[in-house]
Each structure stands twice: as C-alpha cells, then as structure tokens.
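Listed below, chain by chain, are the residues.
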Amino acid sequence: MDSRGFDSAGRIFSNATEMWEEELGSTATASTAGEVEAAPAPATATEGSGGASEEGAGDGKRKEWYSKAIAYWQGVEASTEGVLGGYGCVNDVDVKGSDAFLRPLLADRFGTAKRHLVALDCGSGIGRVTKNFLLRHFNEVDLVEPVSHFLKAAQENLTGFMDQGEDSHKAANFYCVPLQDFTPEEGRYDVIWIQWCIGQLPDDDFISFFNRTKVGLKPDGFFVLKENITRNGFVLDKVDNSVTRSDPYFRELFKRCGLYILSVKDQKELPEELFAVKMYALVTSQPKIQKSGKRRRPKNSPRVIRS
C-alpha cells in the first residue's frame, strides 16, 4: 500500500508504522507493500514486542488516543449539523448514495422473497443513518455508539420506531460501547453498516474489530464500510484523533481481515472541499465470478454482414 502521510499540524511521516509508533508507542499498522508519496488532502467533515514498561506505556497512549477522541465528540452538539461537522447539507445526497449502493446488493444476496432483515449501525451517532436510510430496508436495526449523549439523542429520534410488531421496521437495541470493545450477537445480522467512524481505530484494532464482528453475520451477510478516502497514504487529524486512509491502505487492511470486496462505489455530489468518500461491500469468502451468459466470439471468426 502507499505509505507516506501527514498530520493536521503539517508533520510528514514516511509510513504508517512511524505514525502509529509516535501516537501509540507501538506498531499498530498493517505491513506496507510499497511506498507512494502522499499528496495534500482536503479538510474532513471525521504492538510491538518489548518489556513490560514499553507495553504499559503503549497501553497508556492507546487509552489516551481513545479518550481524546471521545472527549472531542462529547463536545459536539447532538444534531445532524453537529455529527456531520457543520455539513448537514450532505445528509440527503449521502442517503441517496447509500440507498443506490445497498438496494441491488440486498436483491443479489438475499433475493426478492420476503425475509426478516436485521442490520447493525456502527458508530450510529444520533441515529441519522438508521432513521433516514436503514429502516427503509431492515425490519430491525441495532445501534452501537460510544458517545452517550449521541445515543440518548438516537433513542429520542427513533422513539416512533421502537416496540413495534414482528414485521415492522424498528430500532431494536442501543449499545453504548466503543467499536474496539464491541462483540455482536452471533449470527444476528444480514448487514453490518459502518460509516464515518472506522478512522477512530488504529490498524490493529481495525483488524480485531472486523474479525470479532464477522461472527455477527448471517450466511450471505455482508459488511458495508462507507468512509472518507485520501488520495494517497493517510492523513492524521490531531483534533479528533482519527485517520483518513487511502483506497490501497484500506485494501491492505481488508486483506489482513480476511475480507473480500464484493462491490465498491464512489459517493457522488459532495462539496469539493471535503474528502472523497467510497462505499465498500465486504464479504468473508471469495465472491463467485458472475457470468454474463454471452458466448465469447472466437478470435478471427467471420462476422455476419447484414445488408
């Protein structure tokens, strides 16, 4: 993967390992597979071996990493404008893009027969994605969010979608747990949706998170990761302790998670000053190659001339 990057204070890192050693006092990165110089990116709306003393220092810095991030979000208003970093205007295009990406995937994976579908909304914030999008497609949605006042707002925003009948569309469970500590119920979810939150996890916790949450998927279930993308390398935001990764960086992490890309698509119509956004549908086994049904014409075969 491309490996050079920089932080929001302007410091340049030769690779992600250097950055994570600085931030966590340990190596928390995927192995690099080459280096590409990172180009400047626009503003965003988001362990190694050693003695006991080194491990203790690393644990302390990791706790500091997460506590700083939580402290930042605890100071953010529990509103659409707040959780979108002052860009509440992107809500509609975000929902539109997510719907266009997910709809054909549901039909392809689960067919058109009626089925009770369950989703998990990771880093759910105030329930914006659940209310405006996921509840259109799923009979039940569970929400996991570490910031308590965001989750309280989600419960308030989704009051009309709770305690409903078996075949209704409802917000079922609310978990106030950080993603790095969360383990889902086994075999509960058709889709695990992760949007604008995975940048809070260092690489090793990213990998651990996906390896734990795989058990939450039903047969044919899949992940969707929707996230900011930098053109090359990575960008570390020192304000909220998040990392924006490049597409090759993500692909290297997916490989280390044992995940395969089923589908990928760019989010359209975002303001130019924001990071680009990609949506990845991820599965735990190699997707089957789709056959078009058309027979390939042999080389040098004559064509039919029509008059």
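In this text, all values refer to a predicted model and were calculated from it rather than measured experimentally. (Residues numbered from 1 in each chain as written. Predicted model: local features only at pLDDT ≥ 70, side-chain atom pairs only at ≥ 80, totals over all residues. Heavy atoms only, no water.)

Assigned secondary structure in the protein consists of 8 helices and 11 strands. Scored against the burial criterion, the 307 residues of the protein give a buried share of 49%. Working note: accessible area of the protein is about 15,300 Å², and carbon and sulfur atoms make up 49% of it. (Helix = DSSP H or I, 4+ residues; strand = E, 2+ residues; numbered from the N terminus. Buried < 20%, exposed > 50% of the residue type's maximum accessible area, 1.4 Å probe, protein only. Areas by Shrake-Rupley, 256 points an atom, 1.4 Å probe, with all protein chains shown as cover.)

What follows covers the packing of aromatic side chains. Scanning all chains against the criterion turns up 16 aromatic pairs. Arranged with centres 4.9 Å apart and planes meeting at 65°, the rings of Phe133 and Trp193 form a pair that is edge-to-face. With a gap of 60 residues between them, Phe133 in helix 5 (residues 128–137) and Trp193 in strand 6 (residues 189–195) connect regions that are remote in the sequence. A relative accessible area of 1% means that Phe133 is categorised as buried. Plain terms: the ring middles of Phe206 and Phe210 are 5.0 Å apart, the flat faces sit at 45° to each other, and that makes the pair tilted. Placement of the pair is Phe206 and Phe210 together in helix 7 (residues 203–213), with a separation of 4 residues, close to one helical turn. For the pair shown, Phe206 and Phe210 are each scored as buried. A cation over an aromatic ring shows up here: Arg245 above the ring of Tyr249, its NZ or CZ 5.4 Å from the ring centre. (Phe/Tyr/Trp six-rings, centres within 6.5 Å; stacked < 30°, edge-to-face > 60°. Lys NZ or Arg CZ within 6 Å of the ring centre and 35° of its normal.)

The buried fraction of strand 7 (residues 217–230) is high, at 12 of 14 residues. When strand 6 meets strand 7, the two strands line up parallel, connected through 6 bridges. Note on strand 7: the bridge partner recorded for Ile192 is Phe223. The parallel pair strand 6 and strand 7 is bridged by helix 7, and the resulting crossover is right-handed. Of the strand pairs in this sheet, strand 7 and strand 11 (residues 276–283) are connected by 7 bridges, and their pairing is antiparallel. Opposite Leu225, over in strand 11, you have Tyr280 as the bridge partner. Both strand 7 and strand 9 (residues 242–246) contribute to a ladder of 2 bridges, which runs parallel. (Pairing = 2+ DSSP bridges. Right-handed = clockwise from strand over helix to strand, strands pointing away.)

For the coordinates displayed, the defined rule picks out 17 salt bridges. A salt bridge links Arg11 to Glu18, with the shortest nitrogen-to-oxygen separation between them at 3.9 Å. The exposure class assigned to Glu18 is partly exposed, which follows from its relative accessible area of 26%. Put simply, Asp190 and Lys218 hold a salt bridge, and the shortest N to O gap is 3.1 Å. (Salt bridge = Lys/Arg side-chain N within 4 Å of Asp/Glu carboxyl O.)

This part covers the pairing of strand 6. Within strand 6, 7 of the 7 residues are buried, which leaves the element mostly enclosed by the surrounding structure. Sheet topology places strand 3 (residues 118–122) next to strand 6; 4 bridges connect them, and they run parallel. Considered in strand 6, the bridge of Asp121 is made with Trp193.

Our next topic: the environment of Val83. Mapped onto the secondary structure, Val83 falls in helix 3 (residues 80–83). Since its relative accessible area comes to 19%, Val83 is described here as buried. Residues Val83 and Ser124, spaced 41 residues apart in sequence, show a C-alpha to C-alpha distance of 9.9 Å.

Now for the packing of helix 7 against helix 8 (residues 247–257). Remark: helix 7 packs on helix 8, axes separated minimally by 9 Å, with the N-to-C direction vectors making an angle of 50°. Between helix 7 and helix 8, the angle falls in the class oblique. Remark: the crossing between helix 7 and helix 8 carries right-handed chirality. Touching Asp203, Phe206, Ile207, Phe210 and Asn211 of helix 7 are Tyr249, Phe250, Leu253, Phe254, Arg256 and Cys257, all from helix 8. (Axes fitted to C-alpha atoms, helices over the stretch in contact; angles between N-to-C directions. Parallel < 35°, antiparallel > 145°, perpendicular 65-115°, else oblique. Left-handed = near helix turned anticlockwise from the far one by under 90°. Contact = heavy atoms within 4.5 Å.)

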